[in-house]
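# Examining the three-dimensional arrangement
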Amino acid sequence: MTKKDFLTIGDMSAEEVRTLLDRSIALKAGDDAMKCPLIGKSVGLFFEKPSTRTRVSFEVGIYQLGAQPVYLSPKELQLGRGETIGDTARTLSRYLHGMVMRVYSHRSAVEFARHATIPVINGLSDLHHPCQALADAMTVLEYKGRLEGVRVAYIGDGNNVANSLVEIAARTGIDFVIASPSGYGPDAALLEKSRAAGTGNITLVDDPREAAENADVLYTDVWVSMGQEGEAEEKAKKFRSYQINAELLRLAKSDAVVLHCLPAIRGQEITDEVMDGPQSAVFDQAENRMHTEKALLEYLVR
Ligand code: CP
Ligand code: NVA
């Protein structure tokens, strides 16, 4: 059987996304019909960048499925001494049954996947964060009972998280509106492709107030992603009015929920008041990373 990778949400059809979300909800509810389905298997966790949620949720999730997580850092592999990604992928495919990768360049994950004979899961790259988008959609489903037509307003940087949300909106019918300063929107090609292929309504605006108006969900992420620290000063100025605060939240529906993939820079893209307020679902969202990743591993790892 050929392996299937999960490098972007685009690797899954609308039906596969829905099946994964339904399974994630069942797993969260304690469905253990498939007790330890991955017993005897090993899954690599390769991280070029720091992580709290992705690393720990995968490690624990892999353990709960009966498999062994193997944490790998580039500095400790021969990769750090010049062994190619291809040779690393071919070698590790002989030991492991799946690989989770957090990389600076999306191209590294694509290159690894091209040479690997095991499924490769993107645990965040500069362009995509598909595991995050699955957990986000699950959280919206939990809170709103549906995805189709739910207005999700993403306020902030059109980064990896935003790109994956664009793709999942196209596959789920989420009514997705993104407000970013000019020049900081999501990937233009991805946006076009998702608009053309999907069922979701995806809109790009400049004004965060316009996006927040009547929203069911307000979502934000850091203004400066890992690896882009050099842009911090410039972005702090350009993004000032893109903060999710009580004033912006008042424009959304009264039962709107607030999401953030975390980690948050409190006081920058989100205020303490909102993040710790009654409409915040950020820690449920963080928890859902593990349930969705378990569903994904059950589906992909053989
Ligand atoms: N949301 C997320 O991916 O968090 P970590 O960087 O802590 O893994
Ligand atoms: N956009 C952020 C997400 C962190 C989970 C980053 O890439 O740093």
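Going by the structure above, here's the rest.
The residue numbers shown here count from 1 along each chain, following its written sequence. All chains are assigned letters beginning with A, and all ligands numbers beginning with 1, in the order in which they are written. Side-chain atom pairs in this predicted model are given and counted only at pLDDT of 80 or more, local residue features only at pLDDT of at least 70, and totals for whole chains, interfaces and linings cover all residues. Calculated side-chain values reflect all of the structure's heavy atoms, with hydrogen atoms and water omitted.

## So, the overall build of the protein
What counts is decided by this rule: Secondary structure elements follow DSSP: runs of H or I no shorter than four residues count as helices, runs of E no shorter than two count as strands, and numbering proceeds from the N terminus. Taken over C-alpha atoms, the radius of gyration is set against a globule rule of 2.2 Å times the number of residues to the power 0.38. With residues, only the protein chains shown are counted as cover, and all accessible areas are computed by Shrake-Rupley using a 1.4 Å probe. Only four residue types enter the charge count, namely Lys and Arg as positive and Asp and Glu as negative; His and the chain termini do not. Where a charge lies is defined by one atom per residue type, namely NZ (Lys), CZ (Arg), CG (Asp) and CD (Glu).
Along the protein, the regular secondary structure elements total 12 helices and nine strands. A compact globule built from 302 residues would reach a C-alpha radius of gyration of about 19 Å, and the protein, at 19 Å, matches this within 12%. Based on the C-alpha atoms only, the size of the protein along its principal axes is roughly 55 × 45 × 35 Å. By element, 51% of the accessible surface of the protein is carried by carbon and sulfur atoms, the whole surface being about 13000 Å². Computed over 34 positive and 42 negative side-chain charges, the separation of the two mean positions in the protein equals 4 Å.

## Focus: helix α5 (residues 130–144)
Condition: A helix is expected to span 1.5 Å for every residue after the first. With a 1.4 Å probe rolled over the protein chains alone, any residue whose accessible area is under 20% of its type maximum counts as buried; one over 50% counts as exposed, and the rest are partly exposed.
Given a rise of 1.5 Å per residue, 15 residues ought to cover 21 Å, and the 21 Å separating the end C-alpha atoms of α5 matches this to within 8%. Burial analysis of α5 places 13 of its 15 residues in the buried class, which makes it a mostly covered element. Immediately downstream of α5, the backbone of G145 shows phi near 80°, a positive value.

## Considering the site of ligand 2
Using the following cut-off: Near residues are defined by distance, with any heavy atom within 4 Å of the molecule or strand qualifying the residue. Pairing of N or O atoms within 3.5 Å defines a polar contact, subject to two protein rules: one partner must be a possible hydrogen donor and the other a possible acceptor, and residues neighboring in sequence count only if both atoms are side-chain atoms.
Taken together, the neighbourhood of ligand 2 is formed by L124, N159, N160, D221, V222, S225, M226 and L262. N160 places a side-chain nitrogen or oxygen 2.8 Å from an oxygen atom of ligand 2. In this structure, D221 approaches ligand 2 through a side-chain N or O atom, which is 2.6 Å from a nitrogen atom. The fraction of the free accessible surface of ligand 2 (270 Å²) that becomes covered by protein chains is 95%.

## Considerations on the sheet that holds strand β2 (residues 68–72)
Inclusion rule: Criterion used throughout: strands pair if DSSP finds at least two bridges between them. Fitted lines through C-alpha atoms serve as axes, helices being fitted only where they are in contact, and the angles separating the N-to-C directions of these axes extend from 0 to 180 degrees. Residue contacts are defined here by distance: any two heavy atoms, one from each residue, within 4.5 Å place the two residues in contact.
Here we have four strands laid out as an open sheet, ordered β2-β1-β3-β4, and parallel in their pairing. Edge positions in the sheet fall to β2 and β4 (120–122), since each of these pairs with one other strand and no more. Adjacent strand axes in the sheet meet at a mean angle of 20° when their direction is disregarded. Relative to strand β3 (residues 98–102), strand β1 (residues 42–47) is paired through five bridges, and the arrangement is parallel. Its bridge partner lying in β3, G44 is registered against M99. Lying on the sheet, helix α4 (residues 106–115) is in contact with β3 and β4; it crosses β4 at an angle near 170°.

## Some thoughts on the environment of K253
Mapped onto the elements of the fold, K253 is located in the loop between α10 (246–251) and β9 (257–260). On the accessibility criterion, K253 (29% relative accessible area) is partly exposed. Sequence separation between K253 and L204 is 49 residues, and the spatial gap between their C-alpha atoms is 20 Å.

## Section: the site of ligand 1
In plain terms, the rule: We place a 1 Å grid over just the protein atoms. Points where a 1.4 Å probe fits but has no way out form a cavity, open points with protein on both sides within 12 Å along at least 5 of 7 lines form a pocket, and any residue with an atom within 4 Å of a point lines it. Any molecule with more than half of its atoms within 2 Å of a cavity's or pocket's grid points is regarded as sitting in that cavity or pocket. Gly falls in the polar group here, along with every residue not listed as nonpolar (Ala, Val, Leu, Ile, Met, Phe, Trp, Tyr, Cys, Pro) or charged (Asp, Glu, Lys, Arg).
The environment of ligand 1 is made up of S51, T52, R53, T54, R102, H129, Q132, C261, L262 and R289. With the chains in place, 96% of the 250 Å² that ligand 1 exposes on its own is no longer accessible. Cavity membership is defined here by more than half of the atoms lying within 2 Å of grid points; on that basis ligand 1 lies in the largest pocket. Residue classes in the shell around ligand 1 are distributed as two nonpolar, five polar and three charged.

## Remarks on the environment of A29
Note on placement: A29 falls in the loop between α1 (14–28) and β1. We classify A29 as exposed; its relative accessible area is 69%. On a C-alpha basis, the gap between A29 and H291 in space is 9.6 Å, while along the polypeptide they are 262 residues apart.

## Overview of the packing of aromatic side chains
Spelled out, the test is: When two rings of Phe, Tyr or Trp (its six-membered ring) have centres within 6.5 Å they constitute a pair, described as stacked for plane angles under 30 degrees, edge-to-face for angles over 60, and tilted for the intermediate range.
Within the structure shown, the criterion is met by six aromatic pairs. Seen from their ring centres, Y154 and Y219 are 5.6 Å apart, and the 35° between their planes marks the pair as tilted. Taken together, the residues Y154 in strand β5 (residues 151–155) and Y219 in strand β8 (residues 217–220) connect sequence positions 65 residues apart. By relative accessible area, Y219 is classed as buried at 1%. Ring plane angle 70° and centroid distance 5.1 Å describe the contact between Y184 and F239, whose orientation is recorded as edge-to-face.

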